[in-house]
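Given next are the chains, with one letter for each unit.
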Amino acid sequence: MNPYEEYMQGIVQPMRDELVNAGFTELRTPDEVAEHMQESKGTSLIVINSVCGCAAGLARPAVIEAIQQAEYKPDHLTTVFAGQDAEATMQMRGFFEEVPPSSPSIAIWKDGQLAYFIPREQIEGHAMEQVRDHLVGVLDQICAE
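The model shown is predicted, which means the values in this text are computed figures rather than measured ones.

A.B. asks: Where do I start with the packing of aromatic side chains in this structure?
C.D. replies: Taken as a whole and assessed by the stated rule, the structure comprises three aromatic pairs. Judged by centre distance (5.8 Å) and plane angle (80°), the rings of F95 and W109 are edge-to-face. Residue F95 is located in the loop between α4 (86-94) and β4 (105-110), and its partner W109 is located in strand β4; the two are separated by 14 residues in the primary sequence. Relative to W109, the ring of F96 has its centre 6.5 Å away and its plane inclined at 50°; by these criteria the two rings are tilted.

Put into structure tokens, the structure is as follows:
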């Protein structure tokens, strides 16, 4: 590992841990992504994590609080890290090619298809509470079906 990669791993580890400690499973390889997306049943909440300053700093806490507050919870909590696990992120984005790549972003995958997508533009510049409440509403609607 070169010094830059080592440095970046140290920087992003707390960002990874924030979601993992909240119950998310990190999908770090294309095979892990493919296996989850093809094998999992029910609803998956997928966070495309990112180092990108304000938006990512809003997205992680908003998602964690939304899961705690939603009446209806997803069956699976997963995350890929854009810019860090590039191949895994590319594999994940391949499952919902109809939306432009965006990080951070939040996807809800249900029964083998994209049910909802919150791009960076709907995270950045919004209050954490707005992002959280948006996601709570979406989870309660999609997971209740």
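What follows continues from the structure just given.
A.B. asks: Looking at this structure, I do not really get a negative patch on the surface. What am I missing?
C.D. replies: There is a patch of like negative charges on the surface, built from D31, E32, E35 and E39. On the secondary structure map, E39 appears in helix α2 (residues 30-39).

A.B. asks: Whenever I open this one, the sheet that holds strand β3 (residues 76-81) confuses me. Can you help?
C.D. replies: In sheet architecture, strand pairing relies on hydrogen bonds along the backbone and comes in two forms, parallel and antiparallel. One open sheet accounts for five strands, arranged β1-β3-β2-β4-β5; its pairing is mixed. Only two strands of the sheet have a single neighbouring strand rather than two, namely β1 (25-26) and β5 (113-118). Sitting on the sheet, helix α3 (residues 53-69) is in contact with β2 (43-49), β3 and β4, with an inclination near 160° to β2. Along the sheet, α4 contacts β2 and β3; its crossing angle with β3, the most-contacted strand, is approximately 125°.

A.B. asks: Please clarify how a nonpolar patch on the surface should be interpreted in this entry.
C.D. replies: A cluster of nonpolar residues, Y4, Y7, I11 and V51, forms a patch on the protein surface that exposes about 420 Å² of accessible area. Assignment of secondary structure puts V51 in the loop between β2 and α3.

A.B. asks: It is not clear to me how the nonpolar core should be interpreted in this structure. Could you clarify?
C.D. replies: Soluble globular proteins tend to bury their nonpolar side chains together. Counting residues in hydrophobic clusters, the biggest one holds 26 residues, and the most contacted among them are F24, L45, V63, I106, I108, I123 and L135. Those elements giving two or more residues to this core turn out to be β2, α3, β4 and α5 (128-144). Excluding its chain neighbours within four sequence positions, the residues that come into contact with L135 are L45, V63, A66, I106, I108 and I118. By size, the runner-up hydrophobic cluster in this structure holds 14 residues, among which are M37, A82, A88 and F117.

Cut-offs applied
- Residues numbered from 1 in each chain as written.
- Predicted model: local features only at pLDDT ≥ 70, side-chain atom pairs only at ≥ 80, totals over all residues.
- Heavy atoms only, no water.
- Phe/Tyr/Trp six-rings, centres within 6.5 Å; stacked < 30°, edge-to-face > 60°.
- Helix = DSSP H or I, 4+ residues; strand = E, 2+ residues; numbered from the N terminus.
- Patch = residues over 30% accessible without salt bridge, like charges linked within 9 Å, V, L, I, M, F, W, Y side chains within 5 Å.
- Areas by Shrake-Rupley, 256 points an atom, 1.4 Å probe, with all protein chains shown as cover.
- Salt bridge = Lys/Arg side-chain N within 4 Å of Asp/Glu carboxyl O.
- Lys, Arg positive; Asp, Glu negative; His and termini not counted.
- Charge placed at Lys NZ, Arg CZ, Asp CG, Glu CD.
- Pairing = 2+ DSSP bridges.
- Contact = heavy atoms within 4.5 Å.
- Axes fitted to C-alpha atoms, helices over the stretch in contact; angles between N-to-C directions.
- Core = buried A, V, L, I, M, F, W, Y, C linked by side-chain atoms within 4.5 Å.
- Buried < 20%, exposed > 50% of the residue type's maximum accessible area, 1.4 Å probe, protein only.

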